[in-house]
Amino acid sequence: MTNVLQTSFTHSYNGQETYEILNNAFQSQYSILGDWKVLTDIVSKRNLYYSEGNNKILKPYSNTWNNPNAGIPLSDRIISVEDMEINLNLSRDQIKSTAWEEITKSGALRDNLSQTPILDFLTQQIQTGLHNDVLRQVMFNKKTGNSSGSSDYKGFNGLLYALVNNSSVSKFDLSSGGIINTSGELENDAALKTFRYMIENASNKLKVKPLQEKAIYCTPGLYFNFLNTLETGAHDYAKILLQNGQVAYKFRGVEITPVWSWANDIDDTDNPFHSLFTNAAQFCMYTEKKNLVVGTDIGVNESSLQMEYIMYLKQMYIQTQMKLGANIISPYNTFIAY
């Protein structure tokens, strides 16, 4: 049984100690999900209804009933959620005979690590890891046709699965001229060209959405490539940007959000879409934010950990369970580039 706490101390206990842990865990951009549509209380499936609208219903006056050429279509999409869980165990073995054993309990409670700084630290780390995993799986999971794949990526079909496998979703190949070079690296102004192409060639249904309801989500490589374009321009504004920067950047009024974890996710060979990004290891998504749907039974901000000490096993057990799934609403309101 694997202990969730794995120590790697490089010193012996030789005097006064500090029990502060400097946390260098990768911090998740979990707040991104707050911009998307999150549906809670889903036990199995939920139908999403949407209409792409209609026109040509206004006709010249007639003294008989003047029917339109077609009705207003109403379509549905299903979001399914699957059972997901965390199962971890913790014992005192990893800190036995080290200075950290001094902050455990004593006597018959020695192995019970509840209400100790060690468990407080682990709880924080697990919550951070859970947030990272939710964001990663919501985007890159693939259950259909992935029976032999990594269990880290096949709990359900994520957003990228829904986007790639829908022929109505606009897609831009980053191997197009002027975007990446023969070495697979981004050319100068590659991000500018990519963002410009996506905005200009997106469906009119996406174009007319209010600017504040849209965003460009991209990998760090494209984000820094765009900043380089801004900062090296032959104009005074470039000098101001180089010196001061901005809190948030926009292109033609659309906010640009780098998703830092995508760099690692795309590079992960276990990712079922890893081969999709071989051109430049970059990904970009121009979308109406609420077109991206996450389904859960508890709410993505309500995941709590259950903890229990089993005395005869001398183990702390940590568990959480949740339902999770993802889908898009309209194939016309998201444009992807890879």
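Residues numbered from 1 in each chain as written. Predicted model: local features only at pLDDT ≥ 70, side-chain atom pairs only at ≥ 80, totals over all residues. Heavy atoms only, no water.

Enquirer: Tell me about the environment of isoleucine 318, residues and numbers included.
Expert: Position of isoleucine 318 relative to the elements: it lies in strand S12 (residues 315–328). Taking the relative accessible area as the measure of exposure, isoleucine 318 reaches 1% and is therefore buried. Between the alpha carbons of isoleucine 318 and glutamate 308 there is a distance of 6.8 Å; along the sequence they are 10 residues apart. Here isoleucine 318 is in contact with Ile86, Asn87, Leu88, Leu119, Ile126, Leu305, Gln306 and Met307, once residues within four sequence places are set aside. (Helix = DSSP H or I, 4+ residues; strand = E, 2+ residues; numbered from the N terminus. Buried < 20%, exposed > 50% of the residue type's maximum accessible area, 1.4 Å probe, protein only. Contact = heavy atoms within 4.5 Å.)

Enquirer: Account for the packing of aromatic side chains, with residues named and values stated.
Expert: Summed over the entire model, instances satisfying the criterion amount to 15 aromatic pairs. Ring centres 6.3 Å apart and planes at 75° place the aromatic pair phenylalanine 140 and tryptophan 262 in the edge-to-face group. Of this pair, phenylalanine 140 sits in helix H1 (residues 117–140) while tryptophan 262 sits in helix H7 (residues 262–267); the two residues are 122 residues apart in sequence, bridging distant segments of the chain. The exposure classification of phenylalanine 140 matches that of tryptophan 262, with both residues buried. Ring-pair connections join several aromatic residues into one group, and the members of that group are Phe140, Trp262, Phe277, Phe283 and Tyr338. Over the ring of tyrosine 153 we find arginine 136; its NZ or CZ atom is 4.7 Å from the centre of that ring. In this arrangement the basic side chain of lysine 142 is found over the ring face of phenylalanine 273, its NZ or CZ atom lying 6.0 Å from the centre. (Phe/Tyr/Trp six-rings, centres within 6.5 Å; stacked < 30°, edge-to-face > 60°. Lys NZ or Arg CZ within 6 Å of the ring centre and 35° of its normal.)

Enquirer: Lay out the nonpolar core in plain terms, naming residues and giving numbers.
Expert: Residues Trp36, Val138, Met139, Phe283 and Met285 are the most contacted members of the largest nonpolar core, which totals 47 residues. Within the residue set of this core, elements represented by two or more residues are strand S4 (82–90), H1, helix H2 (159–164), strand S6 (214–218), H7, strand S10 (292–296) and S12. Sorting elements by how many residues they give to this core places H1 first, with 11 residues. Once you skip the residues sitting within four places of it in the chain, methionine 285 turns out to touch Met139, Leu163, Met198, Ala215, Ile216, Tyr217, Trp262, Leu292, Thr334, Phe335 and Ile336. (Core = buried A, V, L, I, M, F, W, Y, C linked by side-chain atoms within 4.5 Å.)

Enquirer: Would you mind going over helix H3 (residues 190–201) in detail, with residue names and values included?
Expert: In a regular helix each residue adds 1.5 Å, so 12 residues correspond to 16 Å; H3 covers 16 Å between its end C-alpha atoms and thus fits that length. Of all the residues in H3, the buried ones are Ala190, Ala191, Leu192, Thr194, Phe195, Met198 and Ile199. (Expected span 1.5 Å × (residues − 1).)

Enquirer: Talk me through the sheet that holds S6; I want residue IDs and the actual numbers.
Expert: Sheet strands line up and pair through hydrogen bonds in the backbone, either parallel or antiparallel. Taken in spatial order, the six strands of this open sheet run S5-S13-S9-S6-S8-S7, and their pairing is mixed. If you trace the sheet from one side to the other, it starts and ends with strand S5 (170–172) and strand S7 (249–251), each paired once. Pairwise comparison of adjacent strand axes, ignoring direction, gives a mean angle of 25° for this sheet. As paired strands, S5 and strand S13 (residues 334–337) are joined by three bridges and run parallel to one another. Each bridged residue has a counterpart across the sheet, and for serine 170 the counterpart in S13 is phenylalanine 335. Packing against the sheet, H3 makes contact with S5, S6, S7, strand S8 (254–258), strand S9 (284–288) and S13, and its axis sits at approximately 150° to S13. (Pairing = 2+ DSSP bridges. Axes fitted to C-alpha atoms, helices over the stretch in contact; angles between N-to-C directions.)

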